Amino acid sequence: MEQGQRWLTGGEIDGFLFDIYGVLYEMRGNEDVLIEGSVDAIRKLREAGVTFRFCTNTSTRSAEDMAVRLQGLGFDARPEELFTPIPLVLRYLKENNLRPFLIVDSGVRRVFDEFSKSDPNCVILGDAQNQYSYANLNHAFQILMKNQDSKLVTLGSGSYYKEVDGLKLDCGTFSAALEFASGIKAKVIGKPDQDFFLVPLEDMKIKPDKAIMVGDDIILDIQGGQSCGIRSVLVRTGKYRPQDETHPSIKPDGCVDNLLSLVNLFLKHKT
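Each value, and the rule that gives it
- Residues numbered from 1 in each chain as written.
- Predicted model: local features only at pLDDT ≥ 70, side-chain atom pairs only at ≥ 80, totals over all residues.
- Heavy atoms only, no water.
- Buried < 20%, exposed > 50% of the residue type's maximum accessible area, 1.4 Å probe, protein only.
- Helix = DSSP H or I, 4+ residues; strand = E, 2+ residues; numbered from the N terminus.
- Pairing = 2+ DSSP bridges.
- Right-handed = clockwise from strand over helix to strand, strands pointing away.
- 1 Å grid on protein atoms, 1.4 Å probe; cavity = no way out; pocket = protein on both sides within 12 Å on 5 of 7 lines; lining within 4 Å.
- Points joined across faces, edges and corners; volume = space filled by probe spheres on them.
- Nonpolar A, V, L, I, M, F, W, Y, C, P; charged D, E, K, R; others polar.

Draft legend 1. Main features of the pairing of strand S4 (residues 51-55). Most of S4 sits inside the fold, with 4 of its 5 residues counted as buried. Strand direction decides the pairing type here: strand S1 (residues 15-18) and S4, joined by 4 bridges, are parallel. Paired with Gly15 across the strands is Thr51, a residue of S4. For S4 and strand S5 (residues 82-83), the ladder comprises 2 bridges, and the chain directions are parallel. Residue Phe54 lies in a different strand from S5, and its bridge partner there is Leu82. Crossover S4 to S5 through helix H2 (residues 63-72) is right-handed.

Draft legend 2. Structural view of the layout of surface pockets. In this structure, the largest pocket occupies an estimated 830 Å³ of space. Along the wall of the largest pocket there are 40 residues; nearest its centre are Met27, Thr60, Asp127, Tyr161 and Glu163. Of all elements in the fold, only strand S2 (25-28), strand S9 (160-163), helix H5 (171-182) and helix H7 (218-226) reach the threshold of two or more residues within the lining of the largest pocket. If you tally residues by element for the lining of the largest pocket, the top one is S9, at 4 residues. Class assignment for the residues of the lining of the largest pocket results in 13 nonpolar, 14 polar and 13 charged. In this model, the second largest pocket occupies a volume close to 240 Å³. Considering the residues around the second largest pocket, the lining is formed by 14 residues, among which Phe83, Thr84, Ile86, Pro87 and Leu88 are closest to the centre. At the level of secondary structure, the elements contributing two or more residues to the lining of the second largest pocket comprise H2, S5, helix H3 (86-95) and helix H6 (194-204). For the lining of the second largest pocket, the leading source of residues is H3, giving 5 residues.

As C-alpha cells, then:
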C-alpha cells in the first residue's frame, strides 16, 4: 500500500465522518453542483452496511433542512446523521443566559427567535456571505468593547471556502478581525474544535482510533480530526490545493481524488 493511503493499514475501521461542502457538492452561484461520484459513494456505503455521519460547519441550514437539500441532490441522507453547529450554539446560549447579536444567514435566524436580542451580550458569527458589512462588524465590535465579559462565538473557524467561481472569505476571517480589535478570544463551535468530532463518534459508539475523517480542508478537517486521534483523509475536491499534500506540519493519513475513490479503496480492502 502506498504511503499516501496508510489510513487503510492503521487499524480497524468501524465508521466514517464526512464533511459535506467540497466533498459531496459545491456551489455555482445559487446552484448546487454535485462532485463526481459522491452520490454513488454514499449509496455503496449504505449497501455495505457501513456506519457514517456527516460533520459540517455549514450554518445556513438546520440538520433537517440540510437533509432535504441533500436528498434533492440524490443522496440517501437522514437528519439524525447530520451534525452542524446550530444545536450546539443554541445550547451554549441557553446555558450562559446570552442575548445574541447575530451575523448569520437569514435562513437560520428563526432558530434564534427564543432569545432576547435587546442589549446583546454576545456576538454570533456564522455563514452569512452578504451580512458581513462594515456596519454589522463595527456594531459587533462595539458590543464586545462595551463589556469585556461579552462573548464572541464563531460557528467554525475556516478562513475561506470554495465555490465553483472561486474562493470566498469564511467566518473565521471576520472572527479573527474582531478578536484582534476587541482582545476577546472567540469560542469556536464547529470544526476544528475537538468536541465537534467527538459528538458524532459517540453517536455511532465508535472510538476515535477506529474512525476516518474525510474532508477537503487541510486545517479544519485533517488537522482537526487528527487532533482527536482520528485518521484523516484529504480529498482532491472542493477547496483542496496541491500544496496541501506537502503542508509543512500537517500530514494527511491519505489523499484521494474524490469520495468515491476513497469508498472503492475501503470496500476493496475490506474484502
